[in-house]
Amino acid sequence: MINRTQLELSSVPFQPCEYFNDNWQIYQKVLQNDYIKHRELYNVLHKFLLHRVQKPFQLLDLGCGDASITVPALLGTSIHTYYGIDLSQAAIAIAQDSLAVLPCPKTLITGDFTALVPQLLGTHQQSFDIILASFSLHHLKLTQKSDLIGQLFQLLNSDGVLILIDIVRQEAEDRITYIDRYLKNVRQDWTALTPQEVVSVETHIISSDFPETQKTLQQLALKHGFSWSECLYQDSLEFWQLLCFYK
C-alpha cells in the first residue's frame, strides 16, 4: 500500500525528455511485453482509422514519442499528412526513421505540446481531421487538461475526432486509490523488469500520473463543444481506455 501523504507530496511536473532518455530500456520492455496493452489499443485504433475514416486525413500526434507503436496503426489507412510533437529530441530522431514507411508528408516538432498547440492555433494555418493523444494527457492537471481539450477542439476540422488513449480511473476511485491498484499490478505482472526498474516506474507514476475518470473526460469534452463521445476499448483490469470525442 502506498503512503497517502507521500503520494500527495511527491507530485512534481512530468519531464518527458528526461524520462524518455533515462528509461529507454524500460520503455522497450514495456512495449515488448505488452504490459499496458499497446497491441490491443493500437489494433483498435488501426481498425477505427481503416474502417471509419474514409477520406484522406490529417493527423496530429501529441506526445508522439518514437512513433514505433503508432506507425503500424497508420499503415494501410488513408492518412494524408502526419504532424508529430514530442519534447524529447532523442524520441523525435527515432521517429523520423519509424515514419519513413508512411507514404505521406511528415512534420516532426520537438517541444512541449501544451505550448505548441496554442501556437498552432495562433497561426490559423493548421487544422486536423484526427488528433491523437496517447498516454500524454494524464501527465497534466485537471485545469490543464480542460484548457488543452478546448484548444484541440478549435484545431479540429468540422467533422474531426480527438482520440484519447490513456489511463482512466474507475468512477469511484480517487487518484491515490487508482495508483495504488495500478502499482500492485506492476509489481505482480511486470516480471521482465528488474527491481530497480520497477522502482523507477513507481517513482514516475507516483510523481507524474493524474488520471481522470471517463465521466470527467466526457464532461470536459462537452464543455468545450464536442458533440458526443464513445469508448472503443477498455481492458479487463480497467486501467486503460481508448476514447473518441467527436466534434
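Named according to an unreviewed UniProt entry, the protein chain is Methyltransferase type 12 domain-containing protein originating from Chroococcidiopsis cubana SAG 39.79.

S.K.: Please explain the packing of aromatic side chains as it appears in this structure.
M.R.: Between two aromatic rings, the relevant description is the distance of the centres plus the angle of the planes. Across all of its chains, the model carries eleven aromatic pairs by this definition. Taken together, a centroid distance of 6.4 Å and an interplanar angle of 70° make the contact between Tyr 182 and Trp 190 edge-to-face. Take Trp 190: its relative accessible area is 5%, and that puts it in the buried class. Aromatic pair Phe 239 and Trp 240: ring centres 5.3 Å apart, planes at 65°, arrangement edge-to-face.

S.K.: How do you make sense of the packing of helix α7 (residues 113-123) against helix α8 (residues 142-155) when you look at a structure like this?
M.R.: For any two helices packed against each other, one specifies the crossing angle of their axes together with the interaxial distance. Between α7 and α8, whose axes approach to 10 Å, the crossing angle comes to 35°. At the point where α7 passes α8, the crossing takes the left-handed sense. Contacts from Phe 113, Val 117, Pro 118, Leu 120 and Leu 121 in α7 reach Leu 148, Gln 151, Leu 152, Gln 154 and Leu 155 in α8. The class makeup of the residues in the contact of α7 with α8 is eight nonpolar, two polar and no charged.

S.K.: I keep staring at empty space enclosed by the protein and nothing clicks. Help me out?
M.R.: By rolling a water-sized probe across the atoms, one finds the places where empty space is left. The final tally for this structure, using the stated rule, is two cavities of 30 Å³ or more. If you add up the space inside the largest cavity, you get close to 40 Å³. For the largest cavity, the full set of lining residues is Leu 137, His 138, Lys 145, Leu 164, Asp 166, Ile 167, Val 168, Pro 211, Glu 212 and Leu 217. Broken down by element, the lining of the largest cavity gets its largest block of residues, four residues, from strand β5 (residues 156-169). Tallied by class, residues from the lining of the largest cavity come to six nonpolar, one polar and three charged. When its volume is computed, the second largest cavity comes out at roughly 30 Å³. Surrounding the second largest cavity, Leu 137, Ile 149, Leu 162, Leu 164, Leu 217, Ala 221 and Phe 245 form its lining. Looking at the lining of the second largest cavity, the elements that each hand over two or more residues are β5 and α11 (214-223). By residue class, the composition of the lining of the second largest cavity is seven nonpolar, no polar and no charged.

S.K.: Which parts of the structure should I look at to understand the pairing of β5?
M.R.: Here is the key point about a regular strand: its side chains alternate between the two faces of the sheet. When you tally the buried positions in β5, you get eleven out of 14 residues, the bulk of the element. Each parallel crossover has a hand, and for strand β4 (residues 128-134) linked through α8 to β5 it is right-handed. Sheet topology note: the β5/strand β8 (residues 240-246) ladder contains seven bridges and is antiparallel. Following the sheet pairing, Val 161 is matched in β8 by Tyr 246. Summarising the sheet, β5 and strand β6 (residues 212-213) pair through two bridges and their orientation is parallel. Counterpart to Val 168 in the pairing with β6 is Glu 212.

Here is what the cut-offs are and how they apply
- Residues numbered from 1 in each chain as written.
- Predicted model: local features only at pLDDT ≥ 70, side-chain atom pairs only at ≥ 80, totals over all residues.
- Heavy atoms only, no water.
- Phe/Tyr/Trp six-rings, centres within 6.5 Å; stacked < 30°, edge-to-face > 60°.
- Buried < 20%, exposed > 50% of the residue type's maximum accessible area, 1.4 Å probe, protein only.
- Axes fitted to C-alpha atoms, helices over the stretch in contact; angles between N-to-C directions.
- Helix = DSSP H or I, 4+ residues; strand = E, 2+ residues; numbered from the N terminus.
- Left-handed = near helix turned anticlockwise from the far one by under 90°.
- Contact = heavy atoms within 4.5 Å.
- Nonpolar A, V, L, I, M, F, W, Y, C, P; charged D, E, K, R; others polar.
- 1 Å grid on protein atoms, 1.4 Å probe; cavity = no way out; pocket = protein on both sides within 12 Å on 5 of 7 lines; lining within 4 Å.
- Points joined across faces, edges and corners; volume = space filled by probe spheres on them.
- Right-handed = clockwise from strand over helix to strand, strands pointing away.
- Pairing = 2+ DSSP bridges.

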